[in-house]
Amino acid sequence: MGATGYLELLRAPHAARLLGGTLVGRLPNATAPIAVVLFARADGGSYSVAGALAAVYGLANAVGQPLLGRAVDLYGQPRVQLPAALVSALGMALLVAVGTGSPAAAFAAVAVAGLCTPPLEGGLRALWPSVLGREDRVHRAYALDAVAQEVMFTVGPLLVTALVAARSPAAALLVLNAVGVLGALSVVVSRPSRAWRSAERQAHWLGALRSPGLLALLGAFLFVGAALGSITVAGVAYADDQGRESVYGWLMAALGLGALVGGAVYGARRWTGAPERRLRVIAVLLAVCYLPLVLTPGPVTMTLLSMLAGVFLAPALACAFIVVDRQAPAGTVTEAFSWLVTTFGVGSALGTGVAGPVAQHAGTSAGFAVAGAAGLCALLVLAATPRVLAGRHVDGNAAARSENDPSDAPEHGFSTGHQA
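Residues numbered from 1 in each chain as written. Predicted model: local features only at pLDDT ≥ 70, side-chain atom pairs only at ≥ 80, totals over all residues. Heavy atoms only, no water.

(A) Structural view of the overall build of the protein chain. Helix and strand counts for the protein chain come out as 18 helices and 2 strands. In terms of overall dimensions, the protein chain is globule-like: its C-alpha atoms have a radius of gyration of 21 Å, near the 22 Å expected for 420 residues. Taking the principal axes of its C-alpha atoms as reference, the protein chain extends roughly 55 × 45 × 40 Å. Burial statistics for the protein chain: of 420 residues in total, 54% are counted as buried. Considering only residue pairs separated by 6 or more positions, the protein chain has 83% of its internal contacts joining residues 24 or more positions apart. Looking at the protein chain, you have 26 positive and 20 negative side-chain charges, and the mean spots of the two groups are 4 Å apart. (Helix = DSSP H or I, 4+ residues; strand = E, 2+ residues; numbered from the N terminus. Rg over C-alpha atoms; globule rule 2.2 N^0.38 Å. Buried < 20%, exposed > 50% of the residue type's maximum accessible area, 1.4 Å probe, protein only. Contact = heavy atoms within 4.5 Å. Lys, Arg positive; Asp, Glu negative; His and termini not counted. Charge placed at Lys NZ, Arg CZ, Asp CG, Glu CD.)

What follows is the structure, encoded as structure tokens:
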């Protein structure tokens, strides 16, 4: 099916607008770490202050995503996504206004911006079933989503540096957040977003986290995030060893290119069988491809190994989206997807925090070994929980089998929302 399958998706009513609007709306989140650091340094803040501001934003974002995701499930997308985007943008505007001269105000501003970042990522995945209809198309959309995410996180930093060069770090923060609000607005005024309602939910304080299968998946992707975070730090150490800063850029670009290729190939094929079993196979390949990085060969070979390390990342995420859809309790789909975003981000931060000291004290190879170890831990979590993942969370009701499910298995994912 190849590229024609993706074109078919984008030609579906509202699909291109929702995907594009979500990506634009997520630009402030994708660019916040580098934009905040550059602003803080330009404003006279130390590296410690700059790093702390970025860390507070990331922590607040991790807390806010599932909370806002639950609010979306309860109250709908327009009533949560757009106000959250506006408040988040105002938080960044407050940071620009107060600068780093008032530390308490600066940290409060980035905390508000991070906490109120709208859960557009989870919201888009909740919309796909109502927009695309057939499950095979929805599964392909998850792969396209994972690929587009890699593009955004590649293009985002380039946009920051371009805006900084053209104007200033403050202008970059303001412009990107204003553009993000426009992206969120484009999504929430669309008919699918306005009409979408979460399925009826059972009241429970744990929300999506009462699903054992979802907890197992989140545990695995905590380590996948840690692997990715450790590679970004170990890559810096490798570039320092080579005496060429540009090497780091090549390694990260190769990692992203590998994910792009892997996601595109994965989404072009129609898969059969339970996605939980398929995810375990992908996790094996993901872990195996991290291990050769410890060899730290010359830059050309290392770049190729980095590309190989990225190949199975997007397929792993795309497959995980399907599993989340199946495991999420009824009425909690946006929250469940937001928990995956949060867990992956927290894992990445942990990987960064561990790989730095390891690389400094034990060498670059040891830093990359953290990625390999994290990949193996993710695999072990999935291998240890097959029974938990095999059962779909249905709140005591039998999951209805979709006639479009190629795996001949109950697909809980298509009960996640409906049109009003």
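Having seen the model, we can carry on.
(B) Structural view of the side chain of Thr 343. Residue position: Thr 343 is located in helix H16 (residues 333-362). For Thr 343, a relative accessible area of 11% corresponds to the buried category. Excluding its chain neighbours within four sequence positions, the residues that come into contact with Thr 343 are Leu 218, Phe 221 and Leu 222.

(C) The environment of Leu 317, seen in detail. Secondary-structure assignment places Leu 317 in helix H15 (residues 313-327). Residues Leu 317 and Ala 146 lie 171 residues apart in sequence; the distance between their C-alpha atoms is 6.5 Å. In this structure, Leu 317 is in contact with Ala 146, Gln 149, Phe 221 and Phe 344, ignoring residues within four places of it in sequence.

(D) Highlighting unusual backbone geometry. Despite not being glycine, His 14 has its phi angle at roughly 75°, a positive value. Relative to the elements of secondary structure, His 14 occurs in the loop between helix H1 (2-11) and helix H2 (15-25). Unusually for a residue other than glycine, Thr 296 sits at a positive phi of about 40°. Take Thr 296: it is sitting in the loop between helix H13 (275-290) and helix H14 (299-310). Exposure remark for Thr 296: the relative accessible area of 22% places this residue in the partly exposed category.

(E) Main features of the environment of Ala 172. Looking at where Ala 172 falls in the secondary structure, it is placed in helix H9 (residues 169-188). Take Ala 172: its relative accessible area is 1%, and that puts it in the buried class. It is 8.6 Å that separates the C-alpha atoms of Ala 172 and Phe 39, two residues lying 133 residues apart in sequence. Beyond its immediate stretch of four places on either side in the chain, Ala 172 contacts Val 160, Leu 163 and Val 164.

(F) How the structure looks around the pattern of salt bridges. Within the structure shown, the criterion is met by 7 salt bridges. A salt bridge links Arg 125 to Glu 121, with the shortest nitrogen-to-oxygen separation between them at 2.7 Å. Of the two residues, Arg 125 and Glu 121 are both situated in helix H7 (residues 120-132); the distance of 4 residues between them amounts to about one turn of the helix. Across the pair, Glu 121 and Arg 125 agree in class, each one buried. Where Arg 125 meets Asp 145, a salt bridge forms, and the shortest distance between an N and an O atom there is 2.8 Å. (Salt bridge = Lys/Arg side-chain N within 4 Å of Asp/Glu carboxyl O.)

(G) The state of the cysteines, seen in detail. Taken as a whole and judged by the stated rule, the model has 0 disulfides. In this structure Cys 289 is not part of a disulfide, and its nearest cysteine sulfur, from Cys 319, lies 16 Å away. Judged by relative accessible area, which is 9%, Cys 289 ranks as buried. Between Cys 377, a free cysteine, and Cys 289, which holds the nearest cysteine sulfur, the sulfur-to-sulfur gap is 17 Å. Here Cys 377 falls in the partly exposed class, since its relative accessible area comes to 29%. (Disulfide = S-S within 2.5 Å.)

(H) Geometry of the nonpolar core. Within the largest apolar cluster, 85 residues are counted, with the highest numbers of intra-cluster contacts made by Trp 128, Leu 132, Tyr 142, Phe 221 and Leu 313. Ranked by the residues each element gives to this core, the list is headed by helix H11 (residues 212-242), at 14 residues. Discounting chain neighbours no more than four positions away, the residues touching Trp 128 are Ala 15, Leu 19, Gly 133, Val 138, Ala 141, Tyr 142 and Asp 145. Val 36, Phe 39, Ala 40 and Val 110 belong to the second largest nonpolar core, which has 18 residues in total. (Core = buried A, V, L, I, M, F, W, Y, C linked by side-chain atoms within 4.5 Å.)

Any functional reading would require information that these geometric values do not contain.
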